[in-house]
Amino acid sequence: MKLIVFGATGSLGRHVINQALEAGHQVTAVSRRGTWNGAQSANLRQHAADVLDAEAVAAALPGHDAVVCALGAGRQGGLRAPGTANIVAGMQAHGIRRIVCLSTLGAGDSWSNLTWFWKYPMFSLLLRPAFRDHLQQEDILRRSGLDWTIVRPAGFTDGPASGRFHHGFAPGSPRGLKLRISRADVAGFMLGQLSAPTYLRQTPGLSY
């Protein structure tokens, strides 16, 4: 598969690219500077594009089969929604339909899966701009008409991929979620949805 990854140099994007290369995909790693310090491969192409530049984003997309959006913006937000809007517009212009996008557990109907700590001190106060950015990003994808999957992971850890975690659980369940998951497991799940889209136009949550 010819795959393009936005947010390539972020903490999750690096895992996505490394795992995609291991799986034999042809990967375009998009970052603002077009630099990549990870694994090298004949199947890897580096591409410089500011995700807030609609023309640059559109120019990067032709020739790809699917998109992984792993944009991050820290606590302040303001990048995910407008960047995703540019990706969606470019996909629509070039006839690319499949996108798997990173969001966060707590968005939309997964709010009830969170503890009091995550609902109030974190997302309602400390991370409020970033959380709002996620909500706007999800709305853009829902209205896009594309074949999207929005992945909502719990808090990231640096642990290895285990392949053992809850996914696609209903709001408010299951009880006992740890509200943590490794970036490696999230990356593997996102890539898996490209070839076996169990959650097409759905918003699966992920957590140990």
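Since the model is a prediction, treat every value here as computed from it, not as a measurement.

Visitor: Now, about the state of the cysteines: what can you tell me, with residues and values included?
Guide: Per the counting criterion, the structure on display carries zero disulfides. No disulfide involves Cys69; its sulfur sits 3.8 Å from that of Cys101, the nearest cysteine. On the accessibility criterion, Cys101 (1% relative accessible area) is buried.

Visitor: Summarise unusual backbone geometry; cite the residues concerned and give the values.
Guide: Phi is positive for Leu179, which is not a glycine, with a value near 60°. Assignment of secondary structure puts Leu179 in the loop between strand 8 (166–167) and strand 9 (180–182). Owing to a relative accessible area of 5%, Leu179 belongs among the buried residues under this scheme. A positive phi angle, close to 55°, is found at Arg201, a residue other than glycine. Within the secondary structure, Arg201 is located in the loop between helix 6 (183–195) and strand 10 (205–207).

Visitor: I'd like a description of the nonpolar core, backed by residues and values.
Guide: One finds Leu3, Leu12, Ile17 and Met190 to be the most contacted residues of the largest nonpolar core, which totals 28 residues. With six residues, the single largest contributor to this core is helix 6. What Met190 contacts, discounting residues up to four positions off in sequence, is Leu12, Val68, Cys69, Val100, Cys101, Leu102 and Val151. By size, the runner-up hydrophobic cluster in this structure holds 23 residues, among which are Met91, Ile140, Trp148 and Ile150.

Visitor: If you had to explain a nonpolar patch on the surface to someone new, which residues and values would you point to?
Guide: A contiguous nonpolar patch, built from Trp116, Phe117 and Tyr120 and spanning about 380 Å² of accessible area, is present on the exposed surface. As for its position among the elements, Tyr120 is in helix 4 (residues 116–126). Judged by its relative accessible area of 40%, Tyr120 falls in the partly exposed class.

Visitor: Please provide a residue-by-residue account of the side chain of His47, values included.
Guide: Within the element layout of this structure, His47 appears in strand 3 (residues 44–48). We classify His47 as buried; its relative accessible area is 19%.

Visitor: Can you lay out helix 5 (residues 128–142) for me, pointing to particular residues and giving the numbers?
Guide: One turn of an α-helix holds 3.6 residues; hence residues three or four places apart share an orientation. Between its first and last C-alpha, helix 5 extends 21 Å over 15 residues, near the 21 Å set by a 1.5 Å rise per residue. Listing the buried residues of helix 5 in full gives Ala130, Phe131, Asp133, His134, Gln137, Glu138, Ile140 and Leu141.

Visitor: An account of the sheet that holds strand 4 (residues 66–69) is requested, with residue identities and associated values reported.
Guide: The strand order across the open sheet formed by eight strands is 3-2-1-4-5-6-10-8, and the pairing between neighbours is mixed. The sheet terminates laterally at strand 3 and strand 8, the two strands that pair on one side only. Relative to strand 10, strand 8 runs antiparallel, the two sharing two bridges. By the bridge assignment for strand 10, His167 is matched with Leu206. Relative to the sheet, helix 3 (residues 80–94) contacts strand 1 (2–6), strand 4 and strand 5 (98–102), its axis offset from that of strand 4 by approximately 180°. The strands touched by helix 6 are strand 1, strand 4, strand 5, strand 6 (147–153), strand 8 and strand 10; relative to strand 5, the strand with the most contacts, the crossing angle is about 165°.

Calculation criteria
Residues numbered from 1 in each chain as written. Predicted model: local features only at pLDDT ≥ 70, side-chain atom pairs only at ≥ 80, totals over all residues. Heavy atoms only, no water. Disulfide = S-S within 2.5 Å. Buried < 20%, exposed > 50% of the residue type's maximum accessible area, 1.4 Å probe, protein only. Helix = DSSP H or I, 4+ residues; strand = E, 2+ residues; numbered from the N terminus. Core = buried A, V, L, I, M, F, W, Y, C linked by side-chain atoms within 4.5 Å. Contact = heavy atoms within 4.5 Å. Patch = residues over 30% accessible without salt bridge, like charges linked within 9 Å, V, L, I, M, F, W, Y side chains within 5 Å. Areas by Shrake-Rupley, 256 points an atom, 1.4 Å probe, with all protein chains shown as cover. Salt bridge = Lys/Arg side-chain N within 4 Å of Asp/Glu carboxyl O. Expected span 1.5 Å × (residues − 1). Pairing = 2+ DSSP bridges. Axes fitted to C-alpha atoms, helices over the stretch in contact; angles between N-to-C directions.

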